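# Remarks on the overall topology
The residues making up each chain are set out below.
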Amino acid sequence: MCGIVATVGHSPAIPVLLDGLRRLEYRGYDSAGLAVARDGGLTVYRRVGRVRELAAQVPEDLSGSVGIAHTRWATHGEVTEANAHPHLDGVGRIAVVHNGIIENMGALKARLQADGVVFRSETDSEVLAHLISRYFEGSDPAVPADDPVAAVRAALRVVRGTWGIAVLFADHPDLIVAARNGSPLVVGLGDGQSYLASDPHALVAYTRRVVFLDDGEVACIDANGVQTFHVDGGVVDNNVETLEDVWGDEGRGAYPHLMLKEIHEQPEALDRCLSGRVVPENGTAKLGGLDLEPRDLARLTRVGLLGCGTAYFACQVGAQLVEQLARVPAKAEIASEFRHRNPVVDPDALFLAVSQSGETADTLGAVREIQVKGGTVMGVVNVVGSSIARACGRGVYIHSGPEMAVASTKAFSNMVAAMAVFTLMLARQRTLSAHEGRQYVEELRAVPDLVRRYLADPGPIDTLVKWVTDARMVLFLGRGLSAPVAAEGALKLMEVAYVPCIAYPAGEMKHGPIALLERQSPVIVVAPRDELRDKTLSNLQECKARGARVALIHTEGDEIADLADLSIPVPATSPLFSPLLTVLPLQLLAYRTGLALGRDIDRPRNLAKSVTVE
Ligand code: AGP
């Protein structure tokens, strides 16, 4: 979601702040701002729009070696300059950047306003600047005045919600105070210069020695390093880690957009996910990060899969794989719903928290709920060292490589592949013979090449683009494993091209959505050759009977191609792995429709790459 970057030391702050913001921009990009301590005060710049617009306003040679910066994804208040961070206290001596949400903002704001504080923005974050300022000025005899750490700690004790914050004090221009509760922050330790960021990705150009802050911690960072405290008192022993597997900024390469690049990276990404994990000789798989022996697998009573958005659709695929192949009851759940329904957590179940970023607040919340209830939860995550990976402790990295486009593509495929590997491991322990296992392993290993082959010649996607660009609504249908693929296709087309879409399990269409169909309504049916194909074809006919035009994504060589107005064949694989092929035309459709409609493909409106608020 929003991104934070800060630096303190002896080198110029501006280049570090702007460079960090550019690297974090994919997380939130509606406005950006920064503050630098200089000449006894704070110099602040804020702009609506991209980091490049902020950078155009800020003199590159602006003096000052201590500063904080922020790129915003709006939660409270519209996208305006006044609502962009940093937010200042009343006298402009304290600046705050904040990721997260202050839940009791209403009550705090009313109290501050009653005391004469004037608010300049509609944000919840501004409350923090005024609160910190009050304690800093000595409004509470129990809190020492002019003490930055004490003031931040005191303020955080009265707020409720989530935060990752960086605070700059004009009166202490040699330090930054940071605090974390539910929104990640990492301190980077350099030589005479320290750094802070919401994502280690922004730090690797400067240092690999880092301290991850934990929830409930407050850190005082200066040129020489960091001292960390509990918000309620007491010093924390810092654990200095070395970042090893952090991605650099790879850019778009030869591709016009990150999304297209990431779609085309899928064959290699899938190879990375599978290599060293499937064991062809025994027809099984091994996922060392789960640390589960066959005896542990035998005790599993059920599998729960949790994720949001694309990750949730991957979970739906995963749940079906687990049930069909391993015969273990499995259920996919939307992570943002899970903890709010006071779920029953079976201590003998295994939960998998599935997330590309590893920072999705709702998925992290679900992880914590499972842990509170004594359940076992492991991560299926892309970003190494992310909050979900750390909170789970054990898990599977999906190894997609950096996914920077907001629309998730290669991560979906690798989530599905990682869950297929997990399923093989579980199924081999339970239901599959070595011979059957070997067949599945072979088919799975062949998938990356099939993906490569399809992407080299993807079929008549552009005709479909013409159908959907002016459509009032596009209906996506699929059954079984193809239902979540249809849903993923609809999500992709909505988020990248802003075309209204509905996805339904094909059999459900006649229970309502069929009323939407008119002459020429575009319907996209996903029906690979599997045992449900013929049933889906009946639904296809129902659409055609109402004058809709139907595009069919089907297995190459299948005679059903003739039933559709437009046929898009994909290479044949085991029906169980078909989502890895059938999703590809849908990714390309979203990309090319976004392009045709002139959308901002890698940074679609209103979205952010990782959603770190509930
Ligand atoms: C996918 O294209 C979306 N941008 C979004 O639905 C995303 O999948 C969701 O927010 C979950 O993100 P995560 O995988 O990082 O947890």
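Along each chain, the written sequence defines residue order, and numbers are assigned to residues from 1. In keeping with the predicted nature of the model, local features appear solely for residues at pLDDT of at least 70, side-chain atom pairs appear and are counted solely at 80 or more, and the whole-chain, interface and lining totals rest on all residues. Hydrogens and water molecules were not included; the side-chain quantities draw on all heavy atoms of the structure.

### A word on the site of the ligand
Summary of the distance rule: residues count as near a molecule or strand when at least one heavy atom falls within 4 Å of that molecule or strand. Around the ligand, a shell composed of 16 residues is seen, among which Ser-355, Gln-356, Ser-357, Thr-360 and Glu-495 lie nearest. Distance and chemistry together define a polar contact, namely a pair of N or O atoms within 3.5 Å, with one atom able to donate a hydrogen and the other to accept it when in protein, and with adjacent residues in sequence counting only for side-chain atoms on both sides. Contacts to the ligand include Ser-355, whose side-chain N or O atom sits 2.6 Å from an oxygen atom. At 2.7 Å, a backbone N or O of Gln-356 approaches an oxygen atom of the ligand. A helix here means a DSSP run of H or I that spans at least four residues, while a strand means a run of E at least two residues long, and both kinds are numbered starting from the N terminus. Elements that contribute at least two residues to the shell around the ligand include exactly α9 (310-326) and α16 (482-497). The dominant element in the shell around the ligand, judged by the number of residues it contributes, is α16, at 3 residues. Basically, the charged four are Asp, Glu, Lys and Arg, the nonpolar ten are Ala, Val, Leu, Ile, Met, Phe, Trp, Tyr, Cys and Pro, and anything else, Gly included, counts as polar. The residue makeup of the shell around the ligand, split by class, is 7 nonpolar, 7 polar and 2 charged. When we break the shell around the ligand down by domain, the ones giving at least three residues each are domain 2 (253-455) and domain 3 (457-614). An automatic or database domain assignment supplies the residue ranges for each domain.

### Re the pattern of salt bridges
Only one rule defines a salt bridge in this text: a Lys or Arg side-chain nitrogen within 4 Å of an Asp or Glu carboxyl oxygen. One pass over the structure, following the stated rule, counts 28 salt bridges. Residue Asp-171 is joined to Arg-93 by a salt bridge in which the shortest nitrogen-to-oxygen separation is 2.6 Å. Residue Asp-171 is located in the loop between β7 (161-169) and β8 (176-181), and its partner Arg-93 is located in the loop between β5 (87-88) and β6 (94-102); the two are separated by 78 residues in the primary sequence. The salt bridge partner of Arg-533 is Asp-558, with a shortest N-O separation of 2.6 Å. Taken together, the positions of Arg-533 in helix α17 (residues 533-545) and Asp-558 in the loop between β26 (549-555) and β27 (566-570) put the pair 25 residues apart, joining distant regions of the chain. The buried label applies to any residue whose accessible area, calculated with a 1.4 Å probe on protein chains only, is under 20% of its type's maximum; exposed applies above 50%, and partly exposed to all values in between. Taking the relative accessible area as the measure of exposure, Arg-533 reaches 13% and is therefore buried. Accessibility expressed as a relative area gives 2% for Asp-558, which makes it buried. Several salt bridges converge on common partners, so that one network encompasses Glu-268, Asp-271, Asp-449 and Arg-452.

### Section: the nonpolar core
Side-chain atoms within 4.5 Å are what join buried Ala, Val, Leu, Ile, Met, Phe, Trp, Tyr and Cys residues into a set we call a nonpolar core. By size, the foremost hydrophobic cluster in this structure holds 99 residues, and its most contacted members are Phe-422, Phe-476 and Leu-493. Looking at this core element by element, the count peaks at 14 residues for helix α13 (residues 410-430). Both of domain 2 (253-455) and domain 3 (457-614) provide at least three residues apiece to this core. Met-105, Leu-112, Phe-119 and Trp-163 belong to the second-largest nonpolar core, a separate cluster that totals 35 residues.

### Some thoughts on the packing of α13 against helix α18 (residues 579-596)
Across the interface, α13 lies against α18 with an axial gap of 10 Å and an inter-helix angle of 170°. Looking at the two axes, α13 sits roughly antiparallel to α18. Counting all contacts with α13, which are made through Phe-412, Ser-413, Val-416 and Ala-417, the residues of α18 involved are Pro-579, Leu-580, Val-583 and Gln-587. Angles shown run from 0 to 180 degrees and are taken between the N-to-C directions of axes, each axis being a line fitted to C-alpha atoms and, for helices, limited to the stretch in contact. Angles below 35 degrees are treated as roughly parallel, those above 145 as roughly antiparallel, those between 65 and 115 as roughly perpendicular, and all remaining angles as oblique. Only heavy atoms enter the contact rule, under which two residues are in contact if any of them lie within 4.5 Å.

### Concerning the sheet that holds strand β23 (residues 474-478)
Taken in spatial order, the 5 strands of this open sheet run β24-β23-β25-β26-β27, and their pairing is parallel. Both edges of this open sheet fall to β24 (501-505) and β27, since each of them pairs with a single strand only. Each adjacent strand pair in this sheet contributes to an overall mean axis angle of 20°, direction not counted. Should DSSP find at least two bridges between two strands, the strands are regarded as paired. Alignment of β23 against β24, held across 5 bridges, turns out to be parallel.

### Things to note about α18
The periodicity of an α-helix, 3.6 residues per turn, causes residues three or four places apart in sequence to face the same way. Compared with the 26 Å implied by 1.5 Å per residue over 18 residues, the 26 Å span of α18 between its first and last C-alpha is a close match. The element α18 is extensively covered by neighbouring structure, given that 15 of its 18 residues are classed as buried. Positive phi shows up at Gly-598, right after α18, with a value of about 70°. The length a helix should cover is 1.5 Å for every residue beyond the first.

### A closer look at the sheet that holds strand β19 (residues 330-334)
Strand order in this open sheet of 5 strands is β19-β18-β20-β21-β22, and the pairing throughout is parallel. What marks the edges here is a single partner per strand, and that holds for β19 and β22 (395-397). Averaged over neighbouring strand pairs, the angle between their axes works out to 15° when direction is ignored. Relative to β19, α9 is tilted by about 170°, and along the sheet it contacts β18 (303-307), β19 and β20 (350-355). Contacting β18, β20, β21 (376-381) and β22, α13 crosses the sheet at an angle of about 160° to β20.

### Here we look at the packing of helix α15 (residues 461-469) against α18
Contact geometry of α15 with α18 gives a least axis separation of 9 Å together with a crossing angle of 60°. By the angle between their directions, the pair α15 and α18 is classed as oblique. Two packed elements cross with a definite hand, and for α15 against α18 that hand is right-handed. Between α15 and α18, the contacting residues are Ile-461, Asp-462, Leu-464, Val-465, Val-468 and Thr-469 on the first element and Pro-585, Leu-588, Leu-589, Arg-592, Thr-593 and Ala-596 on the second. Left-handed is the label given to a crossing in which the near helix is rotated counterclockwise from the far helix by less than a right angle, and right-handed is the label when the rotation is clockwise.

### Concerning the packing of aromatic side chains
Between the rings of Phe, Tyr and Trp (Trp by its six-membered ring), a pair exists once the centres lie within 6.5 Å; its type follows the angle of the planes, with under 30 degrees stacked, over 60 edge-to-face, and the other angles tilted. Scanning all chains against the criterion turns up 5 aromatic pairs. Considering the side-chain rings of Tyr-440 and Phe-577, the 6.3 Å spacing of their centres and the 80° angle between planes classify their relative orientation as edge-to-face. With a gap of 137 residues between them, Tyr-440 in helix α14 (residues 434-456) and Phe-577 in the loop between β27 and α18 connect regions that are remote in the sequence. Criterion for a charge above a ring: Lys NZ or Arg CZ within 6 Å of the ring centre, and within 35 degrees of the ring normal. Positioned over the ring face of Phe-119 is Lys-109, at 4.9 Å from the centre of the ring.

### Brief notes about the environment of Ala-13
Tracing the backbone shows Ala-13 in helix α1 (residues 13-24). Its relative accessible area of 0% is what places Ala-13 among the buried residues. Ala-13 sits 50 residues away from Ser-63 along the chain, and the two C-alpha atoms are 7.8 Å apart. Those residues in contact with Ala-13, other than ones at most four positions away along the chain, are Thr-7, Gly-64, Ser-65, Val-66 and Gly-67.

### Some words on the pairing of strand β9 (residues 186-189)
Burial along β9 is two-sided: the residues Val-186 and Gly-188 and Val-187 and Leu-189 are all buried. Both β9 and strand β10 (residues 193-197) contribute to a ladder of 4 bridges, which runs antiparallel. Residue pairing across strands places Gly-188 opposite Tyr-195, the latter belonging to β10. Bridging between β9 and strand β11 (residues 209-212) involves 3 bridges; their strand directions are antiparallel. Looking at β11, one finds that Gly-188 is bridged to Val-210.

### Looking at unusual backbone geometry
As a rule of thumb, non-glycine residues mostly have phi less than zero, and peptide bonds are mostly trans rather than cis. Going from His-85 to Pro-86, the amide bond is cis rather than trans, its omega being 0°. Along the chain, the position of Pro-86 falls in the loop between β4 (66-72) and β5. In this model, Asp-146 sits at a positive phi of 60°, which is unusual for a non-glycine residue. Counting through the fold element by element, Asp-146 comes out in the loop between α4 (125-136) and α5 (148-158). By relative accessible area, Asp-146 is classed as partly exposed at 43%. Of note in the backbone geometry, Tyr-498 takes a positive phi value of approximately 60° without being a glycine. With respect to the secondary-structure elements, Tyr-498 resides in the loop between α16 and β24.

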